[in-house]
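# Observations on chain architecture
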Amino acid sequence: AAKVSTFNGKSVQAKTIRAPAARAAMKVEAAAATTFKSGVVTGKDFLAILDHAKANEYAIPAVNCTMGPVINACLEAAKNANSPMMVQFSNGGG
């Protein structure tokens with residue numbers, strides 16, 4: 001039986017959405033292992049990472065960081081994912 005909830009005073013019936021079987025069965029092939037300099041990368045090392053991403057058809061996220069804790073979280077996430085990340089800096093949004 002479907003679950004019925006109340007939203008804005010009206011009864012609504014919840015629906016279950018499932019991914020198509022073809023999507024669940026997709027295989028993703030990893031690119032050959034490549035080693036890049038870790039830490040802050042500039043110049044030719046940075047261009048090598050961008051070239052690798054383009055050749056292997058993946059994106060590198062760029063995160064706008066306005067505070068130290070955000071920078072730390074981004075760096076930790078990149079380390080845990082063993083993935084490059086671009087960190088942008090600004091003085092805030094307001």
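The model shown is predicted, which means the values in this text are computed figures rather than measured ones.

### Concerning the state of the cysteines
This model, assessed by the stated rule, comprises zero disulfides. The closest cysteine sulfur to the non-disulfide-bonded C65 is located on C74, 3.9 Å from its own sulfur. The buried category is assigned to C74, whose relative accessible area is 9%.

### Considering the pairing of strand 4 (residues 86-89)
Note that strand 3 (residues 62-65) and strand 4 share four bridges and pair parallel. Residue pairing for strand 4: C65 is matched across the bridge by F89. Handedness of the β-α-β unit built from strand 3, helix 3 (residues 68-81) and strand 4 comes out right-handed.

### Quick notes on helix 3
In this model, helix 3 (14 residues) spans 20 Å end to end at C-alpha, consistent with the 20 Å of a helix rising 1.5 Å per residue. Two residues or fewer after helix 3 comes N82, characterised by a positive phi angle close to 50 degrees.

### Observations concerning the environment of N82
Mapped onto the elements, N82 comes out in the loop between helix 3 and strand 4. A residue is classified by how much of its surface remains accessible, and N82, at 73% relative accessible area, is exposed. Counting along the chain gives 44 residues from N82 to S38, while the straight-line C-alpha distance between them is 9.9 Å.

### Details of helix 2 (residues 43-55)
When the terminal C-alpha atoms of helix 2 are compared, their 18 Å separation across 13 residues agrees well with the 18 Å that a helix rising 1.5 Å per residue should span. Inspection of helix 2 places I49, H52 and A53 among the buried residues, and these make up the whole buried set. Seen end-on, helix 2 carries its buried residues on one side only, within an arc spanning 100 degrees. Helix 2 presents K44, D51, K54 and A55 as exposed residues on the side facing more than 90 degrees away from its buried surface. Downstream of helix 2 by one or two residues, E57 has phi in the positive range, about 55 degrees.

### Side note on the confidence of the model for the protein
For the protein, mean pLDDT is 77; residues scoring 70 or higher make up 62% of the total. Looking at the elements of the protein, mean pLDDT is at its lowest for helix 1 (residues 21-24), recorded as 51, and at its highest for helix 2, recorded as 92.

How each quantity is defined
- Residues numbered from 1 in each chain as written.
- Predicted model: local features only at pLDDT ≥ 70, side-chain atom pairs only at ≥ 80, totals over all residues.
- Heavy atoms only, no water.
- Disulfide = S-S within 2.5 Å.
- Buried < 20%, exposed > 50% of the residue type's maximum accessible area, 1.4 Å probe, protein only.
- Pairing = 2+ DSSP bridges.
- Helix = DSSP H or I, 4+ residues; strand = E, 2+ residues; numbered from the N terminus.
- Right-handed = clockwise from strand over helix to strand, strands pointing away.
- Expected span 1.5 Å × (residues − 1).
- Arc of directions from axis to C-beta.
- pLDDT = per-residue confidence, 0-100.

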